[in-house]
Number of protein chains: 2
Amino acid sequence: MHKNIIQHIRQHIVLSNSDAIILNKYIEIHQFKKKEFISQESRACKHLYYVEKGCLRMYFINKKGVEQITQFALEGWWISDYQSFLNNTPSQYYIQAIEASGIVSIEKQNLDNLLIELPQLEKYFRRILQKDVAGAQLRSKLLYEMTKEEFYVHFSTSFPDFMQRVPQYMIASYLGLTPEYLSELRKKNI
Amino acid sequence: MHKNIIQHIRQHIVLSNSDAIILNKYIEIHQFKKKEFISQESRACKHLYYVEKGCLRMYFINKKGVEQITQFALEGWWISDYQSFLNNTPSQYYIQAIEASGIVSIEKQNLDNLLIELPQLEKYFRRILQKDVAGAQLRSKLLYEMTKEEFYVHFSTSFPDFMQRVPQYMIASYLGLTPEYLSELRKKNI
């Protein structure tokens, strides 16, 4: 039994022990080593992933051949390439473990079947997605109104633990900064 | 009865005529004139809004006192300030009708009650939100990899009707361009 995800679900809805046993039939848990790939470009991203332990990054290779990180996922977060997941089209992203990670995954058809068997989980996923949309709206607003330096200060103040945990060049990629510029900002803001 | 939204829901789930009558108890429909406000800054955004007819824009006033558009909503789209909606905090956005618009709104407590009475609507909202997240991921990727000119070309090719329908200065605001630069791009790309 995957206690972590069950606790997470129980923060949102009632899930009995017998429901948890049903859930267990539809999900898989895998341990990934640091730098292992959870999902790869040019293959369909057929799963939703939940981080029980560890940290993931999602990135694509841009026209210059450089990795561009678009999202991170820490403990308690769901992540997927939703375009690929919903349309069964090849993904343009890589999802990779930044640390040794314990990941719960649920395949699309299994999700559909699970939601037939336990329809109360619809509410759980709706609530998770509402928060995702709220987060995307906030991020979009910050990107419109802040300079890169302000965005860095906001990000490092909001997520100090995360700043310690993730390599600096990955944070630079996510924030759209060169690693050199990020290094200067860090010195200035100490 | 609001035929438009009921048809939209029926694209995703089964909704009987008696369910539609129940739905009707929880939603409101209002007609907004061009330029009328649906939701305003500094008040909590307590509703989700569905566009039956017309077009909305969502914007905030940036530090320079300039309107910055972050989203549009056309027929068949839902829109809200989800941070404000979920946390009952003052919104930082205005939502305004760009054209005369017919808007279905559902208040937060009414949504909760509706979802108790018609739990099958959880699936509908989950599916809408999944598409929203997919859209946000795609937009974020385009913003990372495209120049403003490429983003304009992509946007105008993907949504030609929309380009005709929305004033040029609003498209410039959304794309982060000056109206003068957008005007130049338009001439170049005719």
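These remarks concern the structure in this document. From a predicted model like this one, the values you see are computed outputs, not experimental measurements.

Each value, and the rule that gives it
Residues numbered from 1 in each chain as written. Chains lettered and ligands numbered in written order. Predicted model: local features only at pLDDT ≥ 70, side-chain atom pairs only at ≥ 80, totals over all residues. Heavy atoms only, no water. Buried < 20%, exposed > 50% of the residue type's maximum accessible area, 1.4 Å probe, protein only. Helix = DSSP H or I, 4+ residues; strand = E, 2+ residues; numbered from the N terminus. Arc of directions from axis to C-beta. Contact = heavy atoms within 4.5 Å. Phe/Tyr/Trp six-rings, centres within 6.5 Å; stacked < 30°, edge-to-face > 60°. Lys NZ or Arg CZ within 6 Å of the ring centre and 35° of its normal. Pairing = 2+ DSSP bridges. Axes fitted to C-alpha atoms, helices over the stretch in contact; angles between N-to-C directions.

**Side note on helix H2 (residues 17–26) of chain A**
An α-helical turn contains 3.6 residues, so a residue and the one three or four places further along point in the same direction.
Residues and elements named next belong to chain A.
Okay, step 1: Among the residues of H2, those classed as buried are Asp19, Ala20, Leu23 and Tyr26. Buried residues of H2, seen end-on, are gathered within an arc of 110 degrees and therefore sit on one face of the element. Exposed side chains of H2 directed beyond 90 degrees from the buried face belong to Asn17, Ile21 and Lys25.
Okay, step 2: Buried-residue contacts for H2 involve helix H1 (3–10), strand S1 (28–32), strand S8 (101–107), helix H4 (108–117) and helix H5 (121–145).

**Side note on unusual backbone geometry**
Residue and element names in this part refer to chain A.
Okay, step 1: Even without a glycine there, the phi angle at Asn88 is positive, about 55 degrees.
Okay, step 2: Secondary-structure assignment places Asn88 in the loop between helix H3 (82–87) and strand S7 (94–97).
Okay, step 3: A relative accessible area of 53% places Asn88 in the exposed class.

**Observations concerning the packing of aromatic side chains**
Okay, step 1: Summed over the entire model, instances satisfying the criterion amount to 28 aromatic pairs over all chains.
Okay, step 2: An angle of 65 degrees between the planes, with centres 5.3 Å apart, marks the rings of Trp78(B) and Phe125(B) as edge-to-face. Of this pair, Trp78(B) sits in strand S6 (residues 78–79) while Phe125(B) sits in helix H5 (residues 121–145), placing them 47 residues apart in sequence. Of the two residues, Trp78(B) and Phe125(B), both sit in the buried class.
Okay, step 3: Taken together, the ring pairs connect Phe72(A), Phe151(A), Phe155(A), Phe159(A), Phe162(A) and Tyr174(A) into an aromatic cluster.
Okay, step 4: Here the guanidinium or amino end of Lys108(A) rests over the ring plane of Phe85(A), the centre of that ring lying 5.9 Å away.
Okay, step 5: Sitting over the face of the ring of Phe60(B), Lys141(A) holds its NZ or CZ atom 4.4 Å from the ring centroid.

**Details of the sheet that holds strand S2 (residues 37–39) of chain A**
Okay, step 1: Read from one edge to the other, the open sheet built from four strands follows the order S2-S7-S4-S5 (chain A), with strand pairing classed as antiparallel. In this open sheet, the two strands that pair with only one neighbour each are S2 and strand S5 (67–73) of chain A. Across the sheet, the mean angle from the axis of one strand to that of its neighbour is 30 degrees, orientation sign disregarded.
Okay, step 2: Sheet analysis places strand S4 (residues 56–61) of chain A next to S5(A), joined by six bridges and oriented antiparallel. Bridge pairing in S5(A) places Met58(A) opposite Gln71(A).
Okay, step 3: Contacting S4 and S5 of chain A, H5(B) crosses the sheet at an angle of about 145 degrees to S5(A).

Remember that the coordinates give geometry; whether it matters functionally is a separate question.
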